[in-house]
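Spelled out from the first residue to the last, the chains are:
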Amino acid sequence: MNDKKYHVWTEGCQMNVADSQRVGSSLEHLGYTFTDTAEEADVIVLNTCVVRQSAEDKALGRLSSLKPLKEKNPDLVINLMGCLVGVRGAEKLREKLPMVDVFSPPSDPGPLISYLTQGEIRALETDETTRRFEVMDGELLLPVHERGQLVSAHIPVVYGCSHACTYCIIPNKRGIERSRPVGDIVAEVRSLAAQGVKEITLLGQIVDRYGKDILDGPDLAGLLRIVHEVEGIQRIRFLTSHPNYFSTDLMDTVAELPKLMPHIEVPIQAGDDTVLENMKRGYTQQQYRDLVTTIRERIPDCSIATDIIVGFPGETEEQFMQTYRVLADLKLDVAHLARYSPRANTVSDRRMDDDVPDKEKRRRFHLLEDMQAEIVGDINAKFLGQQVEVLFEEKVKGRWKGRTPTNKLVFVESDDDLRGKIEHVTVTWTGPWSMQASLMRQPVISL
Ligand code: SAM
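About the thresholds
Residues numbered from 1 in each chain as written. Predicted model: local features only at pLDDT ≥ 70, side-chain atom pairs only at ≥ 80, totals over all residues. Heavy atoms only, no water. Helix = DSSP H or I, 4+ residues; strand = E, 2+ residues; numbered from the N terminus. Rg over C-alpha atoms; globule rule 2.2 N^0.38 Å. Buried < 20%, exposed > 50% of the residue type's maximum accessible area, 1.4 Å probe, protein only. Areas by Shrake-Rupley, 256 points an atom, 1.4 Å probe, with all protein chains shown as cover. Lys, Arg positive; Asp, Glu negative; His and termini not counted. Charge placed at Lys NZ, Arg CZ, Asp CG, Glu CD. Expected span 1.5 Å × (residues − 1). Near = heavy atom within 4 Å. Polar contact = N/O pair within 3.5 Å; in protein donor to acceptor, adjacent residues only side chain to side chain. Nonpolar A, V, L, I, M, F, W, Y, C, P; charged D, E, K, R; others polar. Phe/Tyr/Trp six-rings, centres within 6.5 Å; stacked < 30°, edge-to-face > 60°. Lys NZ or Arg CZ within 6 Å of the ring centre and 35° of its normal. Axes fitted to C-alpha atoms, helices over the stretch in contact; angles between N-to-C directions. Left-handed = near helix turned anticlockwise from the far one by under 90°. Contact = heavy atoms within 4.5 Å.

Caption draft 1: The arrangement of the overall build of the protein chain in detail. For the protein chain, the count of helices and strands is 15 helices and 18 strands. Compactness check: the protein chain gives a C-alpha radius of gyration of 23 Å against a globular reference of 22 Å for 447 residues, within 12% of the reference. Each principal axis of the C-alpha atoms in the protein chain carries an extent, and together these give about 75 × 60 × 50 Å. Classification of the 447 residues of the protein chain by burial places 55% in the buried group. Counting only carbon and sulfur atoms, one obtains 50% of the accessible surface of the protein chain, whose full area is about 20,300 Å². Taking the average location of the 55 positive side-chain charges in the protein chain and that of its 68 negative ones, the two points are 2 Å from each other.

Here is the structure:
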């Protein structure tokens, strides 16, 4: 046990959130305790994202904001982790960012743990440390401040990505696709359940490809069936799906198993076939439309989320309007929108002109944003006065925050401790981004 403290700053996707939890877990294994104040910390981890330039700028901004702390306390250990570092080595970054003590690739606390335990920089020489982490990994002990508190946890099941979407930097930064052994995943789910977690979300860049690189192992549907048996876990989700791999077998598994929630994240990225071809997505807009129809037929009341990039190189007004029309027609529950951001060494960056002006990207973004707000506002309005089942996660500004099976955000005012509880509530107000509800409790009859 030592009296040292660690602080973690996380930017980006759910995979990073899960990775940060694992760093916290490893550090607490060494006796460090968590602080949410960077100024108090002896070790600061910056877990970074570079999927768009804005995320990269944010990470570098956060790093330079730590300069005064490092100057005041040269013993402060700064660990840069995640996609800014990537899996291919940090030599160039080491020169550019001398205030960083340790560089760690995504999903790997190994270099930091090595540095702290051996007092030497072994960044990216991860074999031994990764092995050591994997042993711990089987029974993930949450950081103390999350134990018994965290209701919904994320579990990476596929690391990396081997697809070659022309705009995407992820395969370069997170390496090739690797499925985790089923035993490790199940052990982790069991240990999370024992620590009070009620909902798990299995993660992969293309999560439906789970198991394709493991001989004789289960596929995602098989993995979900196994995880479904874990006692204590009440809800299971998975993301992100790819239109080419989201099979009808998987749909039927979601429809059949009661703990699997009817919410699917399956990005279209663009609604025009030429743009989709230039993105190398591997499907047409009609195939995506058909997929949505099939999902809705096979999984009753399923909500569907998509991702869209506007202003991809060469995207004309007419091609953008195709995307607009697809979104208008399909009336999906969520659209994560992004303006195209060229990323170093991707195919689109090397071979295509970023020729849609930023102002035009913003205009297209806002057109979709406004339309989607209306669509979701209408979808959610149908819940007014209805009873929905909500799993409550935490109290935020005096109200309990929870989610419906279809992943809709619901707030409830109550003095009861609702953390981790599933309650039936009546929806009293709806908007595009959230709903309010009141608890449906049987009145207590006093005699
Ligand atoms: N693996 C998932 C997929 O693409 O199917 C999600 C990966 S990524 C972390 C999340 C989203 O970021 C993508 O779905 C895409 O919409 C967006 N994105 C990726 N690269 C981008 C880029 N260069 N510019 C703008 N948005 C991008």
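Having seen the model, we can carry on.
Caption draft 2: Expanded view of helix H8 (residues 182–194). In a regular helix each residue adds 1.5 Å, so 13 residues correspond to 18 Å; H8 covers 18 Å between its end C-alpha atoms and thus fits that length. The set of residues buried in H8 consists of Ile185, Val186, Glu188, Val189, Ser191, Leu192 and Ala193. Phi turns positive one or two residues past the end of H8, at glycine 196, with a value near 100 degrees.

Caption draft 3: Region of interest: the site of the ligand. Looking at the ligand, there are 14 residues lining it, with Tyr167, Gln205, Gln269, Asp307 and Ser341 nearest. The side chain of glutamine 269 places a nitrogen or oxygen atom 2.8 Å from an oxygen atom of the ligand. In this structure, a nitrogen atom belonging to the ligand sits 2.8 Å away from a main-chain N or O atom of serine 341. Compared with its free state, where it exposes 560 Å², the ligand has 91% of that area covered by protein. Elements supplying a minimum of two residues to the shell around the ligand: strand E12 (303–310) and strand E13 (334–339). Taken together, the residues that form the shell around the ligand break down as six nonpolar, three polar and five charged.

Caption draft 4: Quick peek at the packing of aromatic side chains. Summed over all chains, the structure comprises six aromatic pairs. Where tyrosine 283 meets tyrosine 288, the ring centres are 6.4 Å apart and the plane angle is 35 degrees; that geometry is what we call tilted. Here the two residues tyrosine 283 and tyrosine 288 agree in accessibility, since each one is buried. Above the plane of the ring of phenylalanine 365 lies arginine 339, whose end atom (NZ or CZ) is 6.0 Å from the centre.

Caption draft 5: Highlighting the packing of helix H10 (residues 248–256) against helix H12 (residues 285–298). Remark: H10 packs on H12, axes separated minimally by 9 Å, with the N-to-C direction vectors making an angle of 30 degrees. Crossing of H10 against H12: the hand is right-handed. Here H10 contributes Thr248, Met251, Asp252 and Ala255 to the contact with H12, which in turn contributes Leu291, Thr294, Ile295 and Arg298. Across the contact of H10 with H12, the residue classes break down as four nonpolar, two polar and two charged.

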